Amino acid sequence: MLSVLPINKSKVPDFVEEFKRKYPLQFKGNEDFLQTVYNIYLSNNMMPDSVLLMTDMNNLNTDYYLKRFGNIINDIDFSTISIGDIIPRRTEEYNFNHIQLSFSNWNNDKAKFEYGYNYITVGFVDLSLLLGAVIVGDNLGNGCVNVYGYEASIHCVVKSLIIFLQLMLMNVDSKVITQVWYSTAWSLEEWKNTLSTAVFEPVINLLHKSDRVEYCKYILTGEFALGEQTDEKLYANITMFQNPVYIPKKATDEVVVQGINLSELNAIRVIFVVSKEIKITLIHKAVTPTKPEVLQEIKQLNPYIIVWSNLCDYYSKEDFLLMAKSCSTTHTIHISHFMNWINQVYGTNIHDYHDANGELEVLEHCDKCLKHDATVCEKSIFRTLKYPPLTNYKNKTSYILAIGYMKEYINYYFKYVNHGDYSRAPFLNVFLNYENTFSLNFSFNPFINLE
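Residues numbered from 1 in each chain as written. Predicted model: local features only at pLDDT ≥ 70, side-chain atom pairs only at ≥ 80, totals over all residues. Heavy atoms only, no water.

Comments concerning the overall build of the protein chain
In step 1: Counting its secondary structure elements, the protein chain contains 17 helices and nine strands.
In step 2: For the protein chain, buried positions account for 53% of its 451 residues.
In step 3: Split by element, the accessible area of the protein chain, about 21,800 Å² in all, is 53% carbon and sulfur. (Helix = DSSP H or I, 4+ residues; strand = E, 2+ residues; numbered from the N terminus. Buried < 20%, exposed > 50% of the residue type's maximum accessible area, 1.4 Å probe, protein only. Areas by Shrake-Rupley, 256 points an atom, 1.4 Å probe, with all protein chains shown as cover.)

Regarding helix α13 (residues 292-300)
In step 1: Those residues of α13 not exposed but buried are Val294, Leu295 and Ile298. Each buried residue of α13 lies within a common arc of 100° when the element is viewed along its axis, so the set occupies one face. Away from its buried face, by an angle of more than 90 degrees, α13 presents the exposed residues Pro292, Glu293 and Gln300.
In step 2: In this structure, the buried residues of α13 make contact with β2 (118-122), β4 (145-151), β6 (303-307) and α14 (317-326).
In step 3: Asn302, located one to two residues past α13, shows a positive phi value of around 55°. (Arc of directions from axis to C-beta. Contact = heavy atoms within 4.5 Å.)

Remarks on the sheet that holds strand β9 (residues 438-443)
Two modes of strand pairing occur in sheets, parallel and antiparallel, and in both the strands are linked by backbone hydrogen bonds.
In step 1: Pairing is mixed across the open sheet formed by seven strands, whose spatial order is β5-β4-β2-β6-β7-β9-β8. Edge positions in the sheet fall to β5 (278-284) and β8 (418-424), since each has one partner strand and no second. Across the sheet, the mean angle from the axis of one strand to that of its neighbour is 15°, orientation sign disregarded.
In step 2: Pairing between strand β7 (residues 333-338) and β9: five bridges, direction antiparallel. Paired with Phe338 across the bridge in β9 is Phe438. (Pairing = 2+ DSSP bridges. Axes fitted to C-alpha atoms, helices over the stretch in contact; angles between N-to-C directions.)

A look at the confidence of the model for the protein chain
In step 1: Across the protein chain, pLDDT averages 79, with 73% of residues at or above 70.
In step 2: The low-confidence segment residues 1-9, where pLDDT is below 50, has 21 contacts with residues more than four positions distant or belonging to other chains.
In step 3: For the stretch residues 229-241, pLDDT sits under 50, and the model shows 29 contacts to residues farther than four places along the chain or on other chains. (pLDDT = per-residue confidence, 0-100.)

Let's talk about the nonpolar core
In step 1: Residues Phe15, Phe19, Leu34, Phe113 and Phe200 are the most contacted members of the largest nonpolar core, which totals 60 residues.
In step 2: If you tally residues by element for this core, the top one is helix α10 (residues 209-221), at six residues.
In step 3: When residues no more than four places from it in sequence are discounted, the contact partners of Leu34 are Phe15, Val16, Phe19, Phe27, Phe200 and Leu220.
In step 4: Core analysis: the second largest hydrophobic core is formed by 49 residues, Tyr315, Ala374, Ala402 and Phe442 among them. (Core = buried A, V, L, I, M, F, W, Y, C linked by side-chain atoms within 4.5 Å.)

Focus: the pattern of salt bridges
In step 1: Tallied over the entire structure, the rule returns seven salt bridges.
In step 2: Among the ionic pairs, Glu17 bridges to Arg21, the shortest N-O distance being 3.2 Å. Of this pair, Glu17 and Arg21 both sit in helix α1 (residues 15-22), four residues apart, which is roughly one turn of the helix.
In step 3: Here Glu297 ties to Lys285 by a salt bridge, and the two come within 2.6 Å at their closest N and O atoms. Of this pair, Glu297 sits in helix α13 while Lys285 sits in the loop between β5 and α13, placing them 12 residues apart in sequence.
In step 4: Residue class for Glu297 comes out partly exposed when judged on its relative accessible area of 25%.
In step 5: When its relative accessible area of 34% is taken as the criterion, Lys285 is described as partly exposed. (Salt bridge = Lys/Arg side-chain N within 4 Å of Asp/Glu carboxyl O.)

Thoughts on the packing of aromatic side chains
In step 1: According to the stated counting rule, one finds 24 aromatic pairs in the structure shown.
In step 2: When the ring of Trp341 is compared with that of Phe438, the centres are 5.7 Å apart and the planes differ by 75°; the resulting orientation is edge-to-face. Remark: Phe438 occurs in strand β9 and Trp341 occurs in the loop between β7 and α15 (356-376); sequence separation between them is 97 residues.
In step 3: The exposure class of Trp341 is buried, given its relative accessible area of 0%. (Phe/Tyr/Trp six-rings, centres within 6.5 Å; stacked < 30°, edge-to-face > 60°.)

So, the pairing of β4
In step 1: Burial runs high along β4: seven of the seven residues are buried.
In step 2: In β4, alternate side chains face the same way, and those of Val145, Val147, Gly149 and Glu151 on one face and Asn146, Tyr148 and Tyr150 on the other are all buried.
In step 3: Relative to β4, β2 runs parallel, the two being bridged by five bridges. Of the residues in β4, the one forming a bridge with Tyr119 is Val147.
In step 4: Bridge count for β4 against β5 is seven bridges, and the pairing is parallel. Its bridge partner being in β5, Tyr150 is matched across the sheet by Ile283.

Quick look at the structure:
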């Protein structure tokens, strides 16, 4: 049996004291909460991952297995299951309005639009798909780019419409737009009621004190990127409007840097306002297999591209592919983001290996892989973040284990469907809660080249 692995832990920065010195007023009233969070991270990081692993192994319970496998747990025969087995997902009724999301959960690559084509984005949450958009081709006589957004959440539709209208008004400062975009709870009271310790993980991984302090301020107040503001009328209001009582509570694991990139906000404003090359239509409708009329409505739009977000996580393989096919024409290309696929693959979680010797070997292997990543990944990100990161051993082992099963899962899912290669985050990023997500395009036309 392997001995306890000597994992070198970086010292957890004292972000509590750092924040207190920079923002004493905001610190007041939050001191107990901050100290509790700090103590949790300090105690966890003073203990080697191997010791935490052994402790958890002795305390695995029903709650763990429910979180690990979700609603497919009743379909698993643990007496016969083997590493690498894929458990089919079942379709279940899901209330997409049970929680309020504010940011797209996928960091979209620069979208390429062509003049005269229609693009559909399902479950869009925000307008991040348009940021950094590039329009290619010749617009002579081909008309503009048409983007249709379908979203089940009225909150997301209304917020996106507000931002869209602001983008259209060139006299509205871009900083004002960013504050609406960055708003989540829309009331400070609700914001504080949904704080969780998990969102502080990026803080302990930031190398620079100034970054840690500002990120703490964002977590505690909702204020982000305001800088040293002097104009109270313009920037003091962080646009956290009070939501009606029937709007669900905000997600507790969202952070402002998740899935959005506003560096090209002004560029997209030029496309919207000056050249008017993109036309946007936002529609408050749920797209599900049980609503054939909505699927037919999308098909009648003659879509060139349909972006499905991660709706594939909520339906069986058969139901999702049938839903996508129902919306398709002969030239339609689909893009889907698979976030929860590891729940279906036995062997993507360290505790699937059951015995202490096997799990310690997995832990040691994953640590070596992450250290290797640090030598080959783009170095600019590591000027601001620790790498390998200080994070729960489950996160980093799952990130590495998933790599070995991703292609098998894709072959299982798209065995009879034309599909391209997958794209995935190039390194384990503590700012994102979808480290195992991969994106993939597919089409029901076997003659379309998706490479």
